[in-house]
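# An overview of the molecular structure
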Amino acid sequence: MSNLFYQTKSARPVLDRAEGIYMWDTSGNRYIDGSSGAMVSNIGHSNPAVLAAMRAQMDKSTFGYRLHFQTESSEELARRTAALAPEGLNKVFFVSGGSEAVESTLKMARQYALTQGQAQRYKVISRMPSYHGCTLGALAITGYAPMTAPFDPMMRAMPKVPAPRAYLDGLDPDDPETGRHYADMLEARILEEGPETVLAFIVEPVGGASTGALVPPEGYMRNVRDICTRYGVLLIHDEVMTGGGRTGRFFGAEHWGVTPDLIALSKGFGGGYVPLGAMVARDDIVEAVMQAGGFVHGFTYAGNPLACAAGLAVLDQIEQHDLTGNAARMGAALTDRLRGLMQRYPLIGDVRGKGLLTAFELMADRATRAPLPKELNAHSRLVDIAYDNGLIIYSRRTRGGLSGDHFLVCPPLIVDETQLDEIAGILDRSLAQFMTEIPA
Ligand code: PLP
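All residue numbers here refer to positions counted from 1 along the written sequence of the relevant chain. This being a predicted model, a pLDDT of at least 70 is required before a residue's local features are given, and a value of 80 or more before pairs of side-chain atoms are given or counted; all residues contribute to the totals for chains, interfaces and linings.

- For the chain, the name recorded in an unreviewed UniProt entry is Aspartate aminotransferase family protein, with Sedimentitalea xiamensis as its organism.
- UniProt positions are given in the numbering used here, feature names are shortened, and annotations may be inferred rather than shown by experiment. According to UniProt, the comment filed for the chain under the heading Sequence similarities (unreviewed entry) is "Belongs to the class-III pyridoxal-phosphate-dependent aminotransferase family."
- The chain has a UniProt comment under Cofactor (unreviewed entry) that states "pyridoxal 5'-phosphate".

## Topic: the overall build of the chain
- In this description a helix means any DSSP run of H or I spanning at least four residues, a strand means any run of E spanning at least two, and both kinds are numbered starting from the N terminus. Of the regular secondary structure elements, the chain holds 14 helices and 15 strands.
- As a reference, a globule follows 2.2 Å times the number of residues to the power 0.38, and the radius of gyration itself is taken over C-alpha atoms. On C-alpha atoms alone, the chain measures out to a radius of gyration of 21 Å, which is about the 22 Å that the 2.2 N^0.38 rule sets for 440 residues.
- Projected onto its principal axes, the C-alpha coordinates of the chain cover approximately 65 × 55 × 45 Å.
- Counting all 440 residues of the chain, 52% fall into the buried class.
- The contact rule is simple: place each C-beta atom from the backbone, and if two of them lie within 7 Å, those residues are in contact. Here the analysis covers contacts within the chain between residues at least 6 apart in sequence; of these, 73% occur between residues at least 24 apart. Each residue is classified by how many other C-beta atoms fall within 10 Å of its C-beta atom, where C-beta atoms are placed from the backbone; a count of 20 or more means buried, 12 or fewer means exposed, and values in between mean partly exposed.

## Focus: the domain arrangement of the chain
- As assigned here, the chain comprises domain 1 (15–46 + 322–437) and domain 2 (51–320).
- The domain limits used here are those given by an automatic or database domain assignment. Here domain 1 and domain 2 have C-alpha centroids that lie 26 Å from each other.
- When residues of the side of domain 1 that touches domain 2 are traced back to their parent elements, those giving at least two are α1 (36–39), α12 (323–344), β11 (348–354), β12 (357–362), β14 (394–397) and β15 (405–409).
- Note that Gly is not counted as nonpolar here; it falls among the polar residues with everything else outside the nonpolar set of Ala, Val, Leu, Ile, Met, Phe, Trp, Tyr, Cys and Pro and the charged set of Asp, Glu, Lys and Arg. Each residue belonging to the side of domain 1 that touches domain 2 can be placed in one class, and the counts come to 13 nonpolar, eleven polar and six charged.

## A short note on the packing of helix α2 (residues 48–60) against helix α11 (residues 305–320)
- A fitted line through C-alpha atoms serves as each axis, taken over the contacting stretch for helices, and the angle formed by two N-to-C directions is quoted from 0 to 180°. Look at α2 against α11: their axes get within 9 Å of each other, and the N-to-C directions meet at 155°. The orientation of α2 relative to α11 falls into the category roughly antiparallel. Relative to α11, the crossing made by α2 is right-handed. On α11, the residues that touch Ala49, Val50, Ala53, Met54, Gln57 and Met58 of α2 are Pro305, Leu306, Ala309, Ala310, Leu312, Ala313, Val314, Asp316 and Gln317.
- Partitioned by chemical class, the residues of the contact of α2 with α11 number twelve nonpolar, two polar and one charged. Small angles under 35 degrees read as roughly parallel and large ones over 145 as roughly antiparallel, with 65 to 115 read as roughly perpendicular and the rest as oblique. By definition, turning the near helix anticlockwise from the far helix through less than a right angle yields a left-handed crossing, and turning it clockwise yields a right-handed one.

## Details of the site of the ligand
- Taken together, 15 residues form the shell around the ligand, and within it Gly97, Gly98, Ser99, Gly133 and Val240 come nearest.
- Of the residues forming the shell around the ligand, the biggest block, three residues, is contributed by helix α4 (residues 98–115).
- For the shell around the ligand, the residue count by class is six nonpolar, seven polar and two charged. Nearness here is judged by the C-beta atom: place it from the backbone, and if it falls within 6 Å of a molecule or strand, the residue counts as near that partner.

## Observations regarding the sheet that holds β14
- When DSSP finds at least two bridges between two strands, those strands are taken to pair. An order of β11-β12-β15-β14 is seen for the four strands of this open sheet, with the pairing classed as antiparallel. Of all the strands in the sheet, just β11 and β14 have a single pairing partner and so form its edges. The mean angle between the axes of side-by-side strands here comes to 20°, regardless of whether they run parallel or antiparallel.
- Alignment of β11 against β12, held across six bridges, turns out to be antiparallel. In the strand pairing of β12, Gly353 is matched with Thr358.
- Across the sheet, helix α13 (residues 378–388) touches β12, β14 and β15, and the angle it forms with β14 is around 165°.

## Remarks on helix α9 (residues 220–230)
- Within α9, burial applies to Tyr220, Met221, Asn223, Val224, Arg225, Ile227 and Cys228.
- Looking one or two places after α9, you find Gly232, whose phi comes out positive at around 65°.

## Notes on the sheet that holds strand β1 (residues 15–19)
- In space, the four strands of this open sheet follow the order β1-β2-β3-β13, with mixed pairing throughout. Every other strand in the sheet has two partners, leaving β1 and β13 (391–392) as the edge strands with one partner each.
- Inspection of the sheet shows strand β3 (residues 30–33) paired to β13 by two bridges, in the parallel sense. Across the sheet, the residue bridging to Asp33 is Ile392, located in β13.

## With respect to the nonpolar core
- Ranked by size, the top nonpolar core spans 122 residues in total, and within it Ala109, Phe201, Val224, Ala278, Met279, Ala310 and Leu408 carry the most contacts.
- Split by domain, this core shows at least three residues from each of two domains, domain 1 (15–46 + 322–437) and domain 2 (51–320).
- In this structure, Ala310 is in contact with Val50, Ala53, Met54, Gly270, Tyr273, Val274 and Leu276, ignoring residues within four places of it in sequence. Linking buried Ala, Val, Leu, Ile, Met, Phe, Trp, Tyr and Cys residues through C-beta atoms within 7 Å yields a set, and such a set is a nonpolar core.

## Description of the environment of Leu382
- Inspection of the secondary structure puts Leu382 in helix α13.
- Expressed as a C-alpha distance, the spacing of Leu382 and Asp405, which sit 23 residues apart in the sequence, is 9.8 Å.

## Looking at the environment of Gly257
- Relative to the helices and strands, Gly257 is located in the loop between β8 (234–239) and β9 (262–265).
- Taking the C-alpha atoms as reference points, Gly257 and Met221, 36 residues apart in sequence, are found 8.8 Å from one another.

## Some words on the pairing of strand β10 (residues 277–281)
- With five of its five residues buried, β10 lies for the most part within the structure.
- Residues Gly277, Met279 and Ala281 of β10 are buried on one face, and the alternating residues Ala278 and Val280, pointing to the opposite face, are buried as well.
- Direction of pairing for strand β4 (residues 91–95) relative to β10: antiparallel, over a ladder of five bridges. Within β10, the position partnered with Val92 by the bridge is Val280.
- One ladder, built from four bridges, connects β9 with β10; its direction is antiparallel.

## Structural notes on the pairing of strand β2 (residues 22–25)
- Bridge analysis of β1 against β2 gives four bridges, and the strand direction is antiparallel. Among the inter-strand pairings, Arg17 is bridged to a residue of β2, identified as Trp24.
- A loop of two residues connects β1 with β2, the two strands running antiparallel in sequence, and Gly20 in this loop sits at a positive phi of about 60°.
- Here three bridges tie β2 to β3, and the two strands are oriented antiparallel to one another. Opposite Met23, over in β3, you have Tyr31 as the bridge partner.
- What sits between β2 and β3 in their antiparallel hairpin is a turn of four residues, with Gly28 showing a positive phi close to 90°.

Listed below in structure tokens is the structure:
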């Protein structure tokens, strides 16, 4: 009987070792890490250069409290991160994960508003569905009832606008009118709330677990930026999952050339080697807050030399091996393979994504977008079948009303075409097996 408890209902095998895109359990079974854990292990497992860099740092020091020492690795990682960030965002604040990164952006936004004499701005609008983390602040802006509902009375309910799921609403995602339509909903909500009370809008440039790699329709991101600017609302990009090259650009929002005011970063940034995250902020925001007395925030383990040394080595791998470019190329190749499966399996209703943030969605009827019956538990059943066939994928069932089950297929960015064939082959077999379980 284990003393550990997590959310998973069924116990999984014990992990023995991992290398590249593969993982092995203690019985010797091999799995393809087709979801990079939770879209974390972007450079693959057990990268020798990263392990060597970590060992070298461990021989020097593993912890130096950030208020007692500057460290070379944190200074250098901040410099490299700022160089990758959009122009004007050169201030970096390290944390140990995605929720911490999101919390940091919220608190920085709030303190900045105070320096601008805007104490009445406190509302953070987000999207439904969305996922921004499991701490209470991040949950308040998360649009995913199974995780938020038990804590409702503990949080101030923050306003939500619909995520732009054009495919569900029967709208053309390539039509700029579609992007405008969904962005208009944000403007309407800001006006309804009272613009003088709205602090920020937070958005994942490409949706992650909550929407299953939802790519915004043409014009959406640009319109959102313009609306935020018009009403003095700070724009926060949650790049926790999209950052670090996964979508084929270092930051997901680069696809649309939009510059936010604050960015939350984690997951692929540390690549699964250490808990690592960051807030990247506009220079003048940080300067105003620092001049007014400083950022009232900070985590004990933030910016520790070991985490930052690992982060630097991960960045080196991304850059030296053009893993961002490989994510774009292999993402296109993976999408082709998933579209091939879509032709053969009518229950695949949609294939979408950017780079290697790729997903497919199961539906009972492609034309009406009707969901599979809830009792089928497709989101967990197909994951289990694939797991038994040696492929790890990630799934959610989130849509209210018109609801489907989506599956993220997001291997490490080092994946090659042969390995994609292997992934597609296992998915093929798993889907065929799942079909036999659906009552006629
Ligand atoms: N934001 C997004 C977009 C995420 O996908 C996640 C995690 O899945 C988080 C925030 C929270 O990150 P963490 O689990 O590292 O706290």
